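What follows is each chain in one-letter form.
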Amino acid sequence: MLTFVLMRSTLGKEEKLKHRKLIEQLFKKGLRINSNGMQLIYLKIEHEGDFPIKVGFSVPKRIMKLAVDRNRLKRRMRETYRKNKHLFYDNISEQYIFMFVYKAKDELTYLEIEELILKIQSKFLKKT
RNA sequence: AAAGCAGGGCGCCUUAUCGUUUCAUUUUAUGAAAAGGAAAGUCCGGACACCAAAGAGUAGCAUAGCGGAUAACAUCCGUCCAGCGUAAGUUGAGGACAAGUGCAACAGAAAGCAAGUACAGUUAGGCUGUAGUGAAACCAGGUAAACUCUAUGCGGUGCAAUGUCAAGUAUAUUGAAAUUUUAGAGUUACUCGCUCUAUUUCAAAGGGUAGGCAGAUAGAACUAUAGAGUAAUUUAUAGUCUAGAUAAAUGAUAAGGAUUUCAAUUUUUUGAAAUACAGAAUCCGGCUUAUAGCCUUGCUUUUAUU
RNA sequence: CGGGGUGUAGCGUAGCCCGGUUAUCGCGCCACGUUUGGGACGUGGAGGCCGCAGGUUCGAAUCCUGCCACCCCGA
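Residues numbered from 1 in each chain as written. Chains lettered and ligands numbered in written order. Predicted model: local features only at pLDDT ≥ 70, side-chain atom pairs only at ≥ 80, totals over all residues.

A. Representation of the overall build of chain A. Helix and strand counts for chain A come out as four helices and four strands. For chain A, the sequential pattern of α-helices and β-strands runs α-α-β-β-β-α-β-α. The C-alpha radius of gyration computed for chain A amounts to 14 Å, which stays within 12% of the reference 14 Å derived for 128 residues, consistent with globular compactness. C-alpha atoms of chain A, sized along the principal axes, occupy 40 × 30 × 30 Å. Taking all 128 residues of chain A together, the buried fraction comes to 20%. In chain A, once contacts between residues fewer than 6 apart in sequence are set aside, the share between residues at least 24 apart is 81%. (Helix = DSSP H or I, 4+ residues; strand = E, 2+ residues; numbered from the N terminus. Rg over C-alpha atoms; globule rule 2.2 N^0.38 Å. Buried ≥ 20, exposed ≤ 12 C-beta atoms within 10 Å, placed from the backbone. Contact = placed C-beta atoms within 7 Å.)

B. Spatial organisation of helix α4 (residues 110-127). The end-to-end C-alpha separation of α4 is 26 Å, in line with the 26 Å expected for 18 residues at 1.5 Å each. Packing partners of the buried residues in α4 comprise β1 (31-35), β2 (38-44) and α3 (67-89). (Expected span 1.5 Å × (residues − 1).)

C. How the structure looks around the environment of Leu118. Assignment of secondary structure puts Leu118 in helix α4. Spatially, the C-alpha atom of Leu118 lies 16 Å from that of Thr128, the residues being 10 residues apart in sequence.

D. Summary view of the sheet that holds β2. Strand order in the open sheet formed by four strands is β1-β2-β4-β3, with mixed pairing between adjacent strands. Two strands bound the open sheet, and with one partner strand each, they are β1 and β3 (53-58). When strand polarity is set aside, the average angle formed by the axes of neighbouring strands in this sheet is 20 degrees. With five bridges joining them, β1 and β2 adopt antiparallel strand pairing. Among the inter-strand pairings, Arg32 is bridged to a residue of β2, identified as Ile41. (Pairing = 2+ DSSP bridges. Axes fitted to C-alpha atoms, helices over the stretch in contact; angles between N-to-C directions.)

E. Focus on the protein's contact with RNA strand B. Neighbouring RNA strand B are 24 residues; Thr10, Lys13, Leu66, Val68 and Tyr110 lie closest to it. Contributions of two or more residues to the surface near RNA strand B are made by α2 (20-29), β3 and α3. Counting residues per element, the surface near RNA strand B draws most heavily on α3, at seven residues. Partitioned by chemical class, the residues of the surface near RNA strand B number eight nonpolar, six polar and 10 charged. (Near = placed C-beta within 6 Å. Nonpolar A, V, L, I, M, F, W, Y, C, P; charged D, E, K, R; others polar.)

F. The nonpolar core, seen in detail. In this structure, Met77, Phe98 and Phe100 are the most contacted members of the largest nonpolar core, which totals 20 residues. When residues of this core are traced back to their parent elements, those giving at least two are β2, α3, β4 (96-102) and α4. Residue contributions to this core peak at six residues, all from β4. For Phe100, the contacting residues outside a window of four places in its chain are Met38, Leu40, Phe57, Ser58 and Met77. (Core = buried A, V, L, I, M, F, W, Y, C linked by C-beta atoms within 7 Å.)

G. Quick look at the environment of Glu114. Following the sequence through the fold, Glu114 ends up in helix α4. Sequence-wise, Glu114 and Gln95 are 19 residues apart; in three dimensions their C-alpha atoms are separated by 23 Å.

Just distances and angles here, no functional claims.
In structure tokens:
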């Protein structure tokens, strides 16, 4: 049953990174992978959850001033992750926490963001 | 028809697939609901909560024709006056300088303790009028978005308030000195009062979370009809349930349509581009600011026609 | 969510409380002098919508109101 849930492209509440403490730890100790326009911060840690990865998304206020633009970008990032998360899940065995940080200065389209995430995914696999 | 003035409304739509949050049923699927006119700025006014360290006075702040509406307001409505406009309209912190104090560049004899130019009228003294400078000139001068005075209102802090559950641990301990009934500390911008302690002062050492739930979504609510009132608004009846997230929920893809602009074609097609401002965070009433495009009501002026 | 502060020449500042002729000072810039040439020094000069828009006033950088940008503080 669990594998069935894992295979579906969902992104529920349990899969999101919510704990303030975990997030603080992530920013302090986490390792970083850069691609031009996006950064992935990740940390191997045992969190009490059913899913292998807890994930969060962030768009700094310095890049996008309006809340509408920030929300839109976060939604696009979440959507691309949702569709491609099986690529991560298929290749790891331990628990991780992720944070995707938006770094590009302009507003990217859905396809551009997807490209960036795929790039980061391949880099991530090489490192681990 | 053109130009203009004032007001109201809408804020791209439909379908399919994959997803997000809440609620309900039942059980892991199905159904229902899911951002705005400004959700924004946080500029006012409330609701609500806590604080006797919350009381009283002063200070401070705000408002300012008159009357009304309202839970309340700096909001709204009516009306008077003044400015602007041919007009429809629009703008106005619009009380008091006959309580006191201050200020007034340049120009001017003189800007407030006073002093006094030229000309004209009349018999002299004197009085009256005019001229010139300036924003303002013997007149109870001007100026209060100058101090101030008058009237009215305002206790403070804010949902990160507050309550509760779980975990953890402190209302303490040690040493030294001083005083016996007035002494110290704390509190608000200040004063009085108030609170704490029989002990007070000094020194040493030691301790901490920010998780869950409630608050938190049915309300000064919305819609319709009728009545009262010039109007803001209000009364009655009937109906409706209309976001509740917390690193923070509404998205992605595809197809079709709608509107506008531009180009081509020449009279209805084709192609391209655009569809604004912008995202709820305790909740309401306003104000201010941003806003593609469209719809609509009333009125004014000018010209033409009947 | 709440509170506070600052915007003046390319840069850093004074003036704002208490309104008044052409807005202050330093560094930098330009020209001339000095020097064989440069630096330093001396003399002269340019450069400002006083963050933006309204209002009060005869007159506003200054007073009042509304916006904009930046910075800081509080659980």
